[in-house]
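# Coordinates in review
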Amino acid sequence: MKTAKRLALGVLAWVTVVPLVELFFLWLGTSVFASPEASRVILYVIGACHIGMAALLYWYCVPSMPHWGRRAAYFVGFVALLMVASAVVVFGVQLLVAMLLMFWR
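Residues numbered from 1 in each chain as written. Predicted model: local features only at pLDDT ≥ 70, side-chain atom pairs only at ≥ 80, totals over all residues. Heavy atoms only, no water.

When the UniProt feature table is mapped onto this chain numbering, "transmembrane region" (unreviewed entry) sits at residues 7-29, 41-61 and 73-104. Helix makes up 100% of residues 41-61 and strand 0%, whereas the separation of the span's terminal C-alpha atoms amounts to 30 Å. A helix fraction of 100% and a strand fraction of 0% characterise residues 73-104, whose end C-alpha atoms lie 46 Å from each other. (UniProt positions renumbered as here; feature names shortened; annotations may be inferred. Helix = DSSP H or I, 4+ residues; strand = E, 2+ residues; numbered from the N terminus.)

Here it is as C-alpha cells:
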C-alpha cells in the first residue's frame, strides 16, 4: 500500500477513534472523579492520548525514507490532515449534540 493511502487510512482511524476516546475520558471524569482537579487531569490525559495516537499513526503510516525532505513533507501533510479532520469531526459532533438537544425538548 502506498504511503498516501496509509496516511488517509490513518486519518480515518483518527476521526473514528478520537471522539470515542474523548467521550470515554469525559464520562470517566464526570462519573468516577468528581473534583475540579480530576477534570483538569482528565483534560491533560486526553491531550496526551491524542498526541500518542497521532505519533503512533505517523510511525505506522510513514515508512523510513532516505530523504529527509520527503519525510518532512509527509509530516506536514499528516499534521494538516489531522487538524482539518479534527476540526470537521468537532464541528460535526457539536452540530449533532445541538440538534439532539433541540429535538429533545
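All right, on to the layout of surface pockets then. In this structure, the largest pocket spans a volume of roughly 270 Å³. Taken together, eleven residues line the largest pocket, and the ones lying closest to its centre are Pro19, Glu22, Leu23, Val90 and Val93. When contributions to the lining of the largest pocket are tallied by element, the ones reaching two or more residues are helix H1 (3-31) and helix H3 (68-104). Tallied by class, residues from the lining of the largest pocket come to eight nonpolar, two polar and one charged. (1 Å grid on protein atoms, 1.4 Å probe; cavity = no way out; pocket = protein on both sides within 12 Å on 5 of 7 lines; lining within 4 Å. Points joined across faces, edges and corners; volume = space filled by probe spheres on them. Nonpolar A, V, L, I, M, F, W, Y, C, P; charged D, E, K, R; others polar.)

A complete count under the given rule lists two aromatic pairs for this structure. For the pair Tyr58 and Phe75, a centre-to-centre distance of 5.4 Å together with 85 degrees between the ring planes defines the contact as edge-to-face. Taken together, the residues span a long stretch of sequence, with Tyr58 in helix H2 (residues 36-61) and Phe75 in helix H3 at a distance of 17 residues. Residue Tyr58 is classed as buried on the basis of its relative accessible area of 13%. Taking the centre distance of 5.5 Å and the plane angle of 50 degrees together, the rings of Tyr58 and Phe78 count as tilted. Highlighted residues: Tyr58 in helix H2 and Phe78 in helix H3, separated in sequence by 20 residues. The same class applies to Tyr58 as to Phe78, namely buried. Three or more aromatic residues joined by ring pairs form one cluster here, namely Tyr58, Phe75 and Phe78. (Phe/Tyr/Trp six-rings, centres within 6.5 Å; stacked < 30°, edge-to-face > 60°. Buried < 20%, exposed > 50% of the residue type's maximum accessible area, 1.4 Å probe, protein only.)

A word on a nonpolar patch on the surface. Taken together, Phe91, Leu95, Met99, Met102 and Phe103 make up a surface patch of nonpolar side chains, about 580 Å² in accessible area. Structurally, Met102 can be placed in helix H3. (Patch = residues over 30% accessible without salt bridge, like charges linked within 9 Å, V, L, I, M, F, W, Y side chains within 5 Å. Areas by Shrake-Rupley, 256 points an atom, 1.4 Å probe, with all protein chains shown as cover. Salt bridge = Lys/Arg side-chain N within 4 Å of Asp/Glu carboxyl O.)

What follows deals with H2. Helix length check: H2 (26 residues) gives 37 Å between terminal C-alpha atoms against 38 Å at 1.5 Å per residue, within 8%. Within H2 the residues assigned to the buried category are Ala38, Ile42, Ile46, His50, Ala54, Leu57, Tyr58 and Cys61. (Expected span 1.5 Å × (residues − 1).)

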